[in-house]
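Per-entry structural report
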Amino acid sequence: MSRPLHLATYLMAYDTRAQALQDRTRAGFLLRAAALAELAHRGDLVEDGRGRVLVAPGAGPAGDPVLDAVLAEVAARRRRWKSWIKRGREETLDAVEQRLAVLGVLTVRDRDPYGPVVPRRPVAMPDPREALDRQLRVAQLVRGDEPVGEVAFADAVLAALAAHGQVRLVLSRQEQRAHAGRIAALTARLGERAPGLAKAVDGLGTTMVAAQGGMGGG
C-alpha cells in the first residue's frame, strides 16, 4: 500500500514486537527529514543561494495536515535544512500519529488515570504487516542491485533515513558498513532537488547526537 513518505517513515521505525517506536526521539528527526524531503520533491520547498530553505513561489497547500504544518513553519522564517530537521520534531511526530490513527493504522489509547505516569499516550498497531513489509523492502533495496537511478524517490529517501538515522530494525551496523557506497548513492537522490538536504541527511547521525547530548535506542 502506498503511503506518503512521512507516514511510511513512521512505519519503518515502528517496532512491531514491542508495539512502540524503537526510539521516539530518533523518530522525530526521521519524520522531520521525511516531510522536508517530500515537500522538496513536490517543488514546494527550495534552497536560496545561501543554503537556506524557503517556500517556492506559487506553492499552495499540500493537502496533508503534516506537510501543511511544516510549510507554515518554513514560510515564517528562513533556516537551513539541518535546523528545520531539528525543530518541531515532537509536534510532527504527534501529528503523524494522529494521522495514522485517523487512517486506522494505529490505535491511540488514553492514559490510565490509576496507572503509572507515562509521557505519551500508548499507541498500538493492530495489524503489523504493513510496517514489517516496509522494513523488509527498505532492507532489500539497500542490499540489492537495482540501479539507483531507477529507484523511486520515496524509496531512496527511506533507505537513506534508515541508514543515516541508524534504524536497526532495518539495517545493522555491519550492513550499513557493507553497503556504504550504495547508501551514499541512494542519499544523493535527495540532491536532485535539494543538495543541502542530502548533506543534512548524510550527517543525520551527528545531528541527532549533538542535539540530544547523546542518544540511545540501538
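Scroll up to find the structure.
Predicted, not measured: the structure shown is a model, and the values here were computed from it. (Residues numbered from 1 in each chain as written. Predicted model: local features only at pLDDT ≥ 70, side-chain atom pairs only at ≥ 80, totals over all residues. Heavy atoms only, no water.)

Some points on the side chain of Thr187
As for its position among the elements, Thr187 is in helix H9 (residues 180-188). A polar contact of 2.9 Å, which involves the side chain of Thr187, links it to the side chain of His164. Excluding residues within four positions of it along the chain, Thr187 makes contact with Ala160, His164, Ala198, Val201 and Asp202. (Helix = DSSP H or I, 4+ residues; strand = E, 2+ residues; numbered from the N terminus. Polar contact = N/O pair within 3.5 Å; in protein donor to acceptor, adjacent residues only side chain to side chain. Contact = heavy atoms within 4.5 Å.)

Concerning the packing of aromatic side chains
As enumerated under the stated definition, the model contains 1 aromatic pair in all. Over the ring of Trp84 we find Arg79; its NZ or CZ atom is 5.6 Å from the centre of that ring. For Arg89, the ring lying beneath its charged end belongs to Phe29, and the centroid distance is 4.0 Å. (Phe/Tyr/Trp six-rings, centres within 6.5 Å; stacked < 30°, edge-to-face > 60°. Lys NZ or Arg CZ within 6 Å of the ring centre and 35° of its normal.)

Concerning the packing of helix H1 (residues 5-12) against helix H7 (residues 153-164)
Close contact between H1 and H7 brings their axes to 10 Å; oriented N to C, the two are set at 40°. Here H1 is positioned oblique relative to H7, judged by the angle of their axes. Helix-helix and strand crossings are classified by hand; for H1 and H7 the assignment is right-handed. Contacts between H1 and H7 involve Leu5, Ala8, Thr9 and Met12 on the former and, on the latter, Ala154, Val157, Leu158, Leu161 and Ala162. Split into classes, the residues belonging to the contact of H1 with H7 amount to 8 nonpolar, 1 polar and no charged. (Axes fitted to C-alpha atoms, helices over the stretch in contact; angles between N-to-C directions. Parallel < 35°, antiparallel > 145°, perpendicular 65-115°, else oblique. Left-handed = near helix turned anticlockwise from the far one by under 90°. Nonpolar A, V, L, I, M, F, W, Y, C, P; charged D, E, K, R; others polar.)

Comments concerning the pattern of salt bridges
For the coordinates displayed, the defined rule picks out 13 salt bridges. Between Arg137 and Asp133 there is a salt bridge; the shortest N-O distance is 3.6 Å. Taken together, the residues Arg137 and Asp133, both in helix H6 (residues 129-143) and 4 residues apart, mark about one turn of the helix. By relative accessible area, which is 37% here, Arg137 ends up partly exposed. Judged by relative accessible area, Asp133 falls into the partly exposed class, the value being 36%. Several salt bridges converge on common partners, so that one network encompasses Arg3, Glu130 and Arg134. (Salt bridge = Lys/Arg side-chain N within 4 Å of Asp/Glu carboxyl O. Buried < 20%, exposed > 50% of the residue type's maximum accessible area, 1.4 Å probe, protein only.)

Some remarks on the sheet that holds strand S4 (residues 52-55)
The strands making up a sheet associate through backbone hydrogen bonding, with each pair oriented either parallel or antiparallel. Taken together, the 3 strands give an open sheet; going across it, the order is S3-S4-S5, and neighbouring strands pair in antiparallel fashion. Each edge of the open sheet is held by one strand with a lone partner, namely strand S3 (45-47) and strand S5 (79-80). In this sheet, S5 lies alongside S4 in antiparallel orientation, the contact comprising 2 bridges. Bridging from a neighbouring strand, Arg52 pairs with Arg80 of S5. (Pairing = 2+ DSSP bridges.)

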